[in-house]
Structures are given as C-alpha cells and as structure tokens.
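# Descriptive analysis of the structure
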Amino acid sequence: MKPSLSTEIKYLKGVGPKRAEALNSVGIHTFADLLDYFPRKYIDRANMMKIEDIKVGDQVTIIGQVEDFNLKSNRKGFGGRFELMLTDDTGRLQLVWFQGAQWVKNAFEVGETIAVYGKVDQFGYFKQIAHPEVDRLDSEESDNFIHTGALIPLYPSTEFLRRMSLESRGFRKLIYPILDMTSEFQETLSPEIILAHQLLPLSAALRQIHQPITQQNRLKAEERIKFEELFYLQLMMAIRKKSIQSPKGIPFTERVTKTKTLLAKLPFELTAAQKKVIREIYNDMLLPRPMNRLVQGDVGSGKTIVAVIAILLAVENGYQTAFMAPTEILAEQHYFVLQELLWELGVRIALIKGGQKKSERESILEDIRTHQVDIVIGTHAIFQERVEFEKLGFVVIDEQHRFGVMQRAEIRQKAVAKGFHPDVLVMTATPIPRTLAMAIYGDLDISIIGEMPVGRKPIKTAVRNEGAREKIYAFLREQVTAGRQIYIVYPLIEESEKIDLKAAKEAFEELQTKIYPDLRIGLLHGKMKSAEKQDIMAKLKKHELDILVSTTVIEVGINIPNASVMLIEHAERFGLSQLHQLRGRVGRGSDQSYCILMVGKKFLMEHTEIRLNVMEETTDGFQIAEEDLKLRGPGEFLGTKQSGLPELKLANIIWDKDLMALARTSAFDLIEKDPQLRAPQNSMIKEKFERLFREKIFLGDVS
Ligand code: ADP
Ligand code: MG
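To start, this report covers the structure provided alongside it. (Residues numbered from 1 in each chain as written. Chains lettered and ligands numbered in written order. Predicted model: local features only at pLDDT ≥ 70, side-chain atom pairs only at ≥ 80, totals over all residues. Heavy atoms only, no water.)

## Examining the overall build of the chain
Scanning the chain from terminus to terminus reveals 27 helices and 21 strands. Counting across all 703 residues of the chain, residues that qualify as buried make up 55%. Surface accessibility of the chain: about 32,800 Å² in total, with carbon and sulfur atoms responsible for 52%. (Helix = DSSP H or I, 4+ residues; strand = E, 2+ residues; numbered from the N terminus. Buried < 20%, exposed > 50% of the residue type's maximum accessible area, 1.4 Å probe, protein only. Areas by Shrake-Rupley, 256 points an atom, 1.4 Å probe, with all protein chains shown as cover.)

## Looking at the nonpolar core
Phe231, Leu235 and Leu342 are the most contacted members of the largest nonpolar core, which has 99 residues in total. Examining the composition of this core, we find that eleven residues originate from one element, helix H12 (residues 303–316), more than from any other. The contact partners of Leu235, leaving out residues within four places of it in the chain, are Ala667, Leu670, Ile671, Leu677, Ile685 and Phe689. One finds Ile9, Leu23, Ile28 and Tyr37 within the second-largest nonpolar core, a separate group that totals 35 residues. (Core = buried A, V, L, I, M, F, W, Y, C linked by side-chain atoms within 4.5 Å. Contact = heavy atoms within 4.5 Å.)

## Some remarks on the site of ligand 1
Of all residues adjacent to ligand 1, which total 16 residues, the nearest are Gln274, Gly300, Lys303, Thr304 and Arg456. Thr304 is positioned such that a nitrogen or oxygen atom in its side chain is 2.7 Å from an oxygen atom of ligand 1. When ligand 1 is considered free in solution it has 570 Å² of accessible area, and contact with the protein chains removes 83% of it. Grouping the amino acids of the shell around ligand 1 by side-chain chemistry returns four nonpolar, seven polar and five charged. (Near = heavy atom within 4 Å. Polar contact = N/O pair within 3.5 Å; in protein donor to acceptor, adjacent residues only side chain to side chain. Nonpolar A, V, L, I, M, F, W, Y, C, P; charged D, E, K, R; others polar.)

## Thoughts on the sheet that holds strand S16 (residues 460–465)
Ordered by their spatial adjacency, six strands build an open sheet running S16-S21-S20-S17-S19-S18, and the pairing between neighbours is parallel. Both outer strands of the open sheet, S16 and strand S18 (521–524), are each paired with one neighbouring strand and no more. Ignoring strand direction, the axes of neighbouring strands in this sheet form an average angle of 20°. As paired elements, S16 and strand S21 (residues 594–599) share six bridges and run parallel to each other. Each bridged residue has a counterpart across the sheet, and for Lys460 the counterpart in S21 is Tyr594. Contacting strand S17 (485–489), S18 and strand S19 (547–550), helix H20 (residues 530–541) runs over the sheet at an angle of about 140° to S18. Sitting on the sheet, helix H21 (residues 576–583) touches S16, S17, strand S20 (563–568) and S21, and the angle it makes with S20 is about 150°. (Pairing = 2+ DSSP bridges. Axes fitted to C-alpha atoms, helices over the stretch in contact; angles between N-to-C directions.)

## Observations concerning the packing of H12 against helix H13 (residues 328–342)
Contact geometry of H12 with H13 gives a least axis separation of 11 Å together with a crossing angle of 55°. Regarding the angle of H12 to H13, the classification is oblique. For the element pair H12 and H13, the recorded crossing hand is right-handed. Contact residues: Thr304, Ile305, Val308, Ile311 and Leu312 in H12; His334, Val337, Leu338, Leu341 and Leu342 in H13. Counted by class, the contact of H12 with H13 contains eight nonpolar, two polar and no charged residues. (Parallel < 35°, antiparallel > 145°, perpendicular 65-115°, else oblique. Left-handed = near helix turned anticlockwise from the far one by under 90°.)

## Comments concerning the side chain of Gln274
By the secondary structure assignment, Gln274 is in helix H11 (residues 272–286). The contacts of Gln274, once residues within four sequence positions are left out, are Ser301, Gly302, Ile305, Val306 and Ile449.

## Quick word on helix H19 (residues 497–515)
Given 3.6 residues per helical turn, the α-helix brings residues three or four places apart onto the same face. Taking 1.5 Å of rise per residue, the 19 residues of H19 would be expected to cover 27 Å, and the 25 Å separating its terminal C-alpha atoms lies within 8% of that figure. Restricting attention to buried positions, one finds in H19 the residues Asp500, Leu501, Ala504, Ala507, Phe508 and Leu511. One side of H19 carries all its buried residues, which in axial view fall inside an arc of 125°. Of the exposed residues in H19, the ones pointing more than 90 degrees away from its buried face are Lys498, Ile499, Lys502, Thr513 and Lys514. (Expected span 1.5 Å × (residues − 1). Arc of directions from axis to C-beta.)

## Comments concerning unusual backbone geometry
At Ser165, a position not held by glycine, the phi torsion is positive, near 55°. Residue position: Ser165 is located in the loop between helix H5 (159–163) and helix H6 (168–175). We note that His543 has phi near 60°; this positive angle belongs to a residue other than glycine. Here His543 lies in the loop between H20 and S19. A relative accessible area of 28% places His543 in the partly exposed class.

## Some points on the side chain of Gln234
Structurally, the position occupied by Gln234 is in helix H9 (residues 215–243). Those residues in contact with Gln234, other than ones at most four positions away along the chain, are Met438, Ala439, Met660, Ala663, Arg664, Ala667 and Phe668.

## Side note on the packing of aromatic side chains
The final tally for this structure, using the stated rule, is 15 aromatic pairs. Ring centres of Trp97 and Phe108 lie 5.9 Å apart, and the angle between their planes is 40°; on these two criteria the pair is classed as tilted. Here Phe108 lies in the loop between helix H3 (101–104) and strand S5 (113–123) and Trp97 lies in strand S4 (residues 91–97), a separation of eleven residues in the sequence. Neither residue differs from the other here; Trp97 and Phe108 are each classed as buried. Put simply, the rings of Phe69, Phe82, Trp97 and Phe108 touch in pairs and so form one group of aromatic residues. One residue, Lys41, lies across the ring of Tyr117, its end atom 4.5 Å from the ring centre. (Phe/Tyr/Trp six-rings, centres within 6.5 Å; stacked < 30°, edge-to-face > 60°. Lys NZ or Arg CZ within 6 Å of the ring centre and 35° of its normal.)

## Considering the pattern of salt bridges
For the coordinates displayed, the defined rule picks out 38 salt bridges. With a closest N to O distance of 2.8 Å, Arg136 and Glu112 form a salt bridge. Separated by 24 residues along the polypeptide, Arg136 in strand S7 (residues 133–137) and Glu112 in the loop between H3 and S5 bring together distant segments of the chain. Put simply, Lys226 and Asp656 hold a salt bridge, and the shortest N to O gap is 3.3 Å. You can see Lys226 sitting in helix H9 and its partner Asp656 sitting in the loop between helix H24 (640–643) and helix H25 (657–673), a full 430 residues away along the chain. (Salt bridge = Lys/Arg side-chain N within 4 Å of Asp/Glu carboxyl O.)

## So, the sheet that holds strand S14 (residues 423–428)
With respect to topology, seven strands assemble into an open sheet ordered S11-S12-S10-S13-S14-S9-S15, the strand pairing being parallel. Strands with a single pairing partner mark the edges of an open sheet, and in this sheet they are strand S11 (349–351) and strand S15 (445–449). Ignoring which end each strand starts from, the neighbouring axes of this sheet average 20° apart. Relative to S15, strand S9 (residues 292–297) runs parallel, the two being bridged by five bridges. Residue pairing in the sheet places Gln296 in a bridge with Ile448 of S15.

## Some remarks on the packing of H11 against H12
Contact geometry of H11 with H12 gives a least axis separation of 10 Å together with a crossing angle of 30°. When the axis of H11 is compared with that of H12, the two are roughly parallel. Crossing geometry of H11 relative to H12 is assigned as right-handed. Here Gln274, Val277, Ile278, Ile281, Tyr282 and Met285 of H11 lie close against H12, whose contacting residues are Ile305, Val306, Ile309, Ala310, Leu313 and Ala314. Here the residues of the contact of H11 with H12 are counted per class, giving eleven nonpolar, one polar and no charged.

Structure representation (structure tokens):
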C-alpha cells in the first residue's frame, strides 16, 4: 500500500517499533507529524569559520574532526569535566563541558566530523568553547555542504531520540526521502490571506523548511509557518472577543452608597493609579456589555482593594461575585481581608476550601444557590465543582498568570448558563511587555496600576553564597529580636519533588534543633493537608512564628506586613520573575526589608550571578520580566504548556512581534467580516481552527 500522510510512522523505512516509540515521545505519530517537525536551526556555510581565523569573544560555527577526548574526574569523583580536541585543516580548538560530562563522553567517536557553535574563549594556550552546541555530520553531508553551500537543518532531539540515533543526522535521513509528500498537505490559509501577505503555500513552505537552498528560501518558509501559528492564536482571541461582545451584559447602574463608607474606613489614601483603574473598571461595568478586563500591577501595588471596590458595585446591584485565587492559602487570605473590610457593610462572604465537612460544605453551597451570600471565594478547582449561583454577575480572577485562558471561559459559562453575561476582572502581578500581553491576553482590555503606595522602603537585595551563611544567620536573629518575621524559601520542582521536599524538611529540622532552638519556626509545603497549612498561616499572621520555612507555595499574594526578610535558598534554580514575586512578600510594612538570594555551588556562580544581579539592581517588575523573557523565552516564562495556548513551534511572541501584529489584524478583520467562518473560501480556516482548539462552542456562540 502506498503510504499517505496519515500512515503510522513505524511503517516509514528506517523506523521500526523501537524508533517509532522514541518518535512518539516527541509527538510524531504519522508521516505528517514528521514533516511537521521543524529544524531548530541551520548550519550555513556563509557563517562558517576556520579555526585559525576565530577570535576570543566571537560567536562561531566550525566544522572539524574529533581528534581526541577525555573525561577528567574532579576531586569528589562526581561530575568532572570533559575535554575534546577538534581540528580542521588550519588549527585546533578545545571543547569543554563541565556539566553532563558523563553523557557527553559517549556521544563522540574519534575521527568523526562534527559541526560546533558557541562563543570562543581563551584557556591557557588553546582557544576554547565551553558547552558548545554540537551536531554530528555524515562525511558525505559535510562534503556536500562544503561544495554546494546549502543549508543543513538541525533538528531538536532528546536523550531518548539520541539513543535511537535520532539526532539531526538521523532526522535528515528519515525526512529527505519523503519530502515529496509535502505536496499532499491541505492548505490551511485562505487564498485571500496568502495573497494579501505574499505567503508561500503550505506545501512549499514545508518542503523548504526541511531543505532550503538559500537563506532567503528558508526565511520565506519560516515566515509562512510563523504567520500561520500567530494567525490561529489571534483568531482564537478574535473569536473569544466577539463571542463575549454580547449586548446582554449587565449594566451595574445602581448608585453605590457603601463604597463611601468603605473608603472612609481605609487606613490609607488610594494611589492615583488605583483611582484611575477603578474608573476604567466602573466605566466598563456601567455599560450593558460584558467587561473583560485585565488589571496589571506589580506585587504590592494594591490590586486587592481595587477588586473589592468593583465587587461592592456588583453586590449593591444585587449580583453575586465569584472570586478565584490560585491557591488555598491565598483564597483564605482574601477571605479574611474581605471579611474585615466588608462585614460592617452587611456584605455576606463565603469561603469554600478543601477539608470542610460535608454538611458544612453542603450548607455553604445551599447559601450560594439561594443567594444568602454575595461573594464566594475559593480556588479554581473548587469553582470547577458543583458551585451553583443564583445570580452570578461578576467574576474576579486573581493572579491570572497561574491560570489558563480556558478557565476564564469556563467560569463565565457558569453564569451564561443561567442567562447572565457576567463582567470579568482578571488581576496579575506578572508585568509583561505589550506584545506578549497581546498574544496571551489578546481578548482582554488592559488596565495598569503603574504606581506603588507611598512610604514603602525599597527592599535591599543581595546575592550571597555559602561563605556568608553564618553572618546571614546572625542577621536573621537580629531581625527576629527586633520583632520581625522571616521567610526562608526552598525550590521545589516537579521533576525532583521528592528530593526537594526532603531538603526543605531537613533544613527545617536543622534550623529548629541546631541553629535557632529558641525560636518559633514553622514549616509549610504543598504536600501538607489544608487544615495544617491554614494552621501554620494563621500562626504566622498572629506572630506566633518567627520564621517560616517553606517551599514555593507562598509565592503569590501572601501578605504579612511584619515580615522583613526573604531568604531564598538555591536562588539559581528560580526564574527572575518568580524571585520577584517571592521578594514581593516582604517590604509590605514600614520597616526596612531585605531579600537574600543564596546561590549554590561555586561553578554555577559565574553564570547565575550575572542573572541574579538584576535582582540587586532593580525592584521594577517590568524590567525584571523583560530580562527573564530574554533569558528563558516566552514558553518557559509563561508556562504556556499549562496556559491552554497553542504551542508555537517557530514563532516567537517577542522577536516576531511585527508578524504578530499583521496576523492579529488579519484574524480580527476576518472575524469582523465572517464571524462564523461560513464563507466557502474560509472553510479550511474553520476546519483547522476546530481541530486546533476543539472549540466549536465558541463559534456557535457568535451572533
Ligand atoms: P497586590 O497588588 O500584590 O495584590 P495587595 O492588594 O495585597 O497587593 O496590597 C498590598 C498591601 O498594600 C496591603 O497590605 C494593602 O492593604 C496595602 N495597600 C493597598 N493600597 C494601598 C495604598 N493606596 N496605600 C497604602 N497601602 C496600600
Ligand atoms: Mg494580590
């Protein structure tokens, strides 16, 4: 049988069951998937250099032969360094690895040809590249390349793939023989759009992305594929926006009397920025059109009170509010803050949380159903369950960067099912550049609280290593003696959850028994029961604890104004924005606050210190987010995997912002003209959209 695009990959010549399994692990199941697996970069002869010509500091590409290599263990016998000598006909270059040496040592053969990229250093007598990127070439390929000057594509690989000899070379061998099949792909953009933007047809783009003859070809192919990715992303935004532009929104026109009482009772004056944002929200809420607004404000800028004032308007108009927080701890904190602010005004608030007795939970749910409560606070997971409102008119989502776009739609649906089109207010402390905001919050209007309350002292931040530990412990004691409280945070990532948790627990033991036996220390981590967590947080709040040892569960939102020191262990393992969030837990009172970033092993210092220095230099969340984005790329920065956004394989929301603007205009225009994508010439777009997002309902909603 002649293979087609949908033929299983195991039937491809050269694959078989084992390799098929490896390919499956990166999402390649069919011939089509393989052709959809794009190179991560190319070796271009125009950028290639000879070893004798390279200079220290250059970013270079070199092709050469492996002359020799060896693994040098270090004192403790673990890790060590791996050195490889590379030659071409003009000289020798040393390659060196400090990490992952055990793996690298099995990756090469003496005499083979490899391509190398990286930044040139001088090390003693030799020029050297540390941690270069390398790619193995067939001698045939390298000859070919050197003589024809074509571009060689390099494919992303994983350890599993490499074990099956599926590095770039392996991929090229599989892909080249089936390149003609690219002509079988169905076009996914309309002729009108292709023409308007002078794009390549899909089939040509796919072919050229795998086998470009010139750089220009490659760029054209990439442009087409990137445009398409961004177009569908923006199409989702356009459809979302359209689908909530219902004229059936709630006009919250009732005059507010309780807000005056609330404002009079606040111990502070609202900042000008808070007032501006409240006006923007009010304007939206007055209109009979559902609000969909994002409030961005750095940690500590005072988003909660802004939300409370908006909620009060909804309550006074006789509607219920759902207030979603990313964690239980935060939900509970919001509950206490709102209680304190609103109970005198007769506003009824309920908290739903894990660990509540069944009867208790049932009675709360009943109160919500019968409108005995005005505001319901809980985590997203809780709202997903059977919470049924009598009259849900307002939704607040705190710290949205933790949630997906999808959840926003879900909670809205709860109200729509009852015939209400609620106003939605989303709050985030992750300040993101405009283009990025457009990509991920493209269906939201944006308000910015660009000012901090007066009287806050900037937090003093310092990067320190083990050598300073004793001094730091002495400093912490001074702070506790002065009546302050302290956070000590340990990293915890999924891959090494067990080890990380153990480290945090051990540190807690040691602090409690050896370092500060006389102080009151608490431990908080995600694996604890709700009730235990709540207990610890309550103690902290009541100043029955001096020090809280915690994993990153305290990252967002926690507000203990008396806490003055944030000590972060293994700071090198956190992203900058995450560090900024953590640091935002202190500096909330009038005392001077401190953030200490402890970094681990010596050899890590050079790299991480540069990165972490940004934290010492600025407390501006925007600047930190920009740095973080540059360092980690938008995918990791946003955790796009969980966010419900489609994965972008080639397009980059930061670098390709011009293309995104084009794609956005194109998508929004299309939805303006053909909101349901009914026109025959748009059928392929509708089809691909539904396949991509599995989201027919939204198109169905448009009227
Ligand atoms: P975030 O924006 O990080 O969610 P919060 O809303 O938790 O910040 O506010 C942080 C702290 O600042 C709270 O203790 C809050 O009462 C206080 N706050 C809010 N607005 C002001 C203001 N205008 N002036 C002084 N303090 C304020
Ligand atoms: Mg907050």
